[in-house]
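Coordinate analysis (summary)
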Amino acid sequence: MSQLRYFIGLMSGTSADAIDAALVGFESDGTTHLVCTHTLELPADLKARIIAAQTRVNTTLRDICEQDVALSLLYAAAVKSLLEKANISASEIEAIGNHGQTLLHAPEADHAFTLQIGDNHRLAELSGITVVGDFRRRDIAAGGQGAPLVPAFHRTLVAQTETAAFLNVGGIANVSVIAPDRVSGFDTGPGNTLSDAWIRKHRQQAFDAGGAWARTGTVNEPLLERMLADPYFSRPAPKSTGQDYFNLTWLENLKVDELVPVDVQRTLVELTARSSSDALKASGCERVYLCGGGRHNNLLTQRIRSLVEPIEVTDTCALRVDADFMEAVAFAWLAKQRLDRVSGNVPTVTGAQSERVLGVIYPRAD
Ligand SMILES: Nc1ncnc2c1ncn2[C@@H]1O[C@H](COP(=O)(O)OP(=O)(O)OP(=O)(O)O)[C@@H](O)[C@H]1O
Ligand SMILES: [Mg+2]
C-alpha cells in the first residue's frame, strides 16, 4: 500500500438526524480506505430548529445565524471524537470536506440557489485542520443542479466493466448509474423525509424503525397514483430536490389528513420504493448498491428488491465502504479533489456547462 493521504468527510444530511464523520485514506492510485467512523446525533432542539428553517416555520435570520455557529461547534466535536477514536493527530489530516447542513435547495428557481450552513471558518479554527466547504454552489453557478455530487466518487469504486447503480436513501433518495461509457444520476424524489415527517406528526417518533409501523398499514393505491402524478417524478434528469419541496405541506395538499395515518405511512414507503426502482430499472443496471439510513427500513428494502427483480441488490459494504458513511466518504474525496484542483462534478449528472473544481478552501491557521 502506498503512503495514504488522510482526509475527513463530514455529512449532516437533509434529515438533520446526525453528523456522520469518516476518516478516509487515499492511495496514490485513488484506492479508498475507510479508516474510522463516528456519528454524532444532533440535539433534538437543534434538529427541530433546522427542520423549522428548512420549511420556513417561525424562523428568523438570527435563528439561522445561530444554527450556523451551533453546527460548526458540533462539527468540531465530531472531528475531535473521530481523531481520538482513530488515534491520529490533526496534523496528519490534509483537509476536512464539510458538506454543511442544507437549509434550502432550489436549483429551478429564477435565481437558482442552494444553501448549506455550518461556519467553516470556525471549524478550521477549532479543529486546526484546513476545511473545504460550500461544494454545491459552484456547480449551480455553472448552470448545474449542484446535486447529486456523489456520482463522481461512486465512479472510482467500481470497475466500469458492467453497469452498476448506487441508490442512496437519505432524506431525499438519489441514484448514480455508472456504465462503462457514461455516468448519470439524479434525485429520484423523497427518501425518508416524508415518512419521517408523518410519523413525527402522528406518533412523535423520529423515524419508523425497521418500517414496523408502515408494515401494519395498507398501500392506498389512489393516493400513490396522486403522489406519483407530481411532475417531479416524470421530469427528465438532470434534476434534484429537497425538503423545501417534498414536505408535510406537499403531503397535506394531497388531502392525507382524511385518511388512516398508518395507510399513509405505508403508501409513503411505496412511493420511495416505486420512484427509486423505476429509475433503477430504466438505467439498465445489472447490480444495485444500497446506502443511506433508509436501507435500515426493512420493508422499504424488501419492496425495492422485489420491484427491481432480477437486478441484484447488495449494499456498499461489498465495496468496503460502510453504507451508513458513503456520503461522508464522498465529501472527503471531494475535499481531495479540491486540493488537487481537479473537478468534482459530472456535467452529465448535474447539467453544469462543464467540469468544475468544487468547494472553497478555509486554510488552517499556521
Ligand atoms: N433502523 C432504521 N429503520 C428505519 N429507518 C431508519 C433507520 N435508521 C435510519 N433510518 C432512516 O434513515 C434516515 C437517516 O438517513 P441518512 O443519514 O442516510 O439521511 P440524511 O442524513 O438525510 O442524508 P442525505 O443527505 O443522503 O439525505 C432517518 O431519518 C430514518 O428515516
Ligand atoms: Mg444523516
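This is a predicted model, so every value here is computed, not measured. (Residues numbered from 1 in each chain as written. Chains lettered and ligands numbered in written order. Predicted model: local features only at pLDDT ≥ 70, side-chain atom pairs only at ≥ 80, totals over all residues. Heavy atoms only, no water.)

1. Re the site of ligand 1
Taken together, 22 residues lie around ligand 1, and T14, S15, D196, G210 and G293 are the ones closest in. Here ligand 1, which alone exposes 650 Å², has 86% of that area covered by the protein. Of the residues assigned to the shell around ligand 1, the class counts are 5 nonpolar, 13 polar and 4 charged. Of the residues that make up the shell around ligand 1, three or more belong to each of domain 1 (5-144 + 325-362) and domain 2 (151-319). (Near = heavy atom within 4 Å. Areas by Shrake-Rupley, 256 points an atom, 1.4 Å probe, with all protein chains shown as cover. Nonpolar A, V, L, I, M, F, W, Y, C, P; charged D, E, K, R; others polar. Domains from an automatic or database assignment.)

2. Let's talk about the packing of helix α1 (residues 44-54) against helix α2 (residues 61-86)
When two helices pack together, their arrangement is captured by the angle between the axes and the distance separating the axes. Relative to each other, α1 and α2 sit at 135°, their axes nearing to 11 Å. It follows that α1 is oblique to α2 by the angle criterion. As α1 packs across α2, the resulting crossing turns out to be left-handed. Listed contacts from α2 to L46, R49, I50 and A53 of α1 are D63, I64, E66, Q67, A70, L71 and L74. (Axes fitted to C-alpha atoms, helices over the stretch in contact; angles between N-to-C directions. Helix = DSSP H or I, 4+ residues; strand = E, 2+ residues; numbered from the N terminus. Parallel < 35°, antiparallel > 145°, perpendicular 65-115°, else oblique. Left-handed = near helix turned anticlockwise from the far one by under 90°. Contact = heavy atoms within 4.5 Å.)

3. Quick notes on the nonpolar core
Formed by 36 residues in total, the largest nonpolar core has its most connected members in F135, F153, L157, V158, F166, M326 and V329. Of all elements in the fold, only β1 (5-12), β2 (18-26), α5 (151-157), β7 (164-169), β10 (287-291) and α13 (326-339) reach the threshold of two or more residues within this core. Dropping the residues within four chain positions of it, F153 is found in contact with T32, M326, V329, A330 and W333. In terms of nonpolar packing, the next biggest core, distinct from the first, is built from 30 residues, A21, L82, I88 and I93 among them. (Core = buried A, V, L, I, M, F, W, Y, C linked by side-chain atoms within 4.5 Å. Buried < 20%, exposed > 50% of the residue type's maximum accessible area, 1.4 Å probe, protein only.)

4. Some details on the side chain of T301
Note that T301 resides in helix α12 (residues 298-308). Take T301: its relative accessible area is 11%, and that puts it in the buried class. When neighbours within four sequence positions are excluded, T301 is seen to be in contact with L290, G294 and R295.

5. Concerning the pairing of β1
In terms of burial, β1 is a largely internal element, 6 of the 8 residues being buried. Inspection of the sheet shows β1 paired to β2 by 8 bridges, in the antiparallel sense. Within β2, the position partnered with G9 by the bridge is A22. Counted along the chain from β1 to the antiparallel partner β2, the turn is 5 residues long, and its residue A16 has a positive phi close to 55°. Bridging between β1 and strand β4 (residues 93-106) involves 6 bridges; their strand directions are parallel. What sits directly across from S12, in β4, is Q101. (Pairing = 2+ DSSP bridges.)

6. Notes on the domain arrangement of the chain
Segmentation of the chain into domains returns domain 1 (5-144 + 325-362) and domain 2 (151-319). Relative to domain 2, the C-alpha centre of domain 1 lies at a distance of 23 Å. Each partner contributes to the interface: domain 1 provides 24 residues, whereas domain 2 provides 28 residues. A buried area of about 2,000 Å², summed over both sides, lies between domain 1 and domain 2, and 58% of it is on carbon and sulfur atoms. Sorting the residues of domain 1 by area buried against domain 2 places M326, W333 and V349 first, and these three jointly supply 28% of that buried surface. Run the count over domain 1 and domain 2 and you get 1 salt bridge. One salt bridge connects E108 with R235, and the closest N-O pair in it is separated by 3.1 Å. (Buried area = accessible area lost by both parts, 1.4 Å probe. Salt bridge = Lys/Arg side-chain N within 4 Å of Asp/Glu carboxyl O.)

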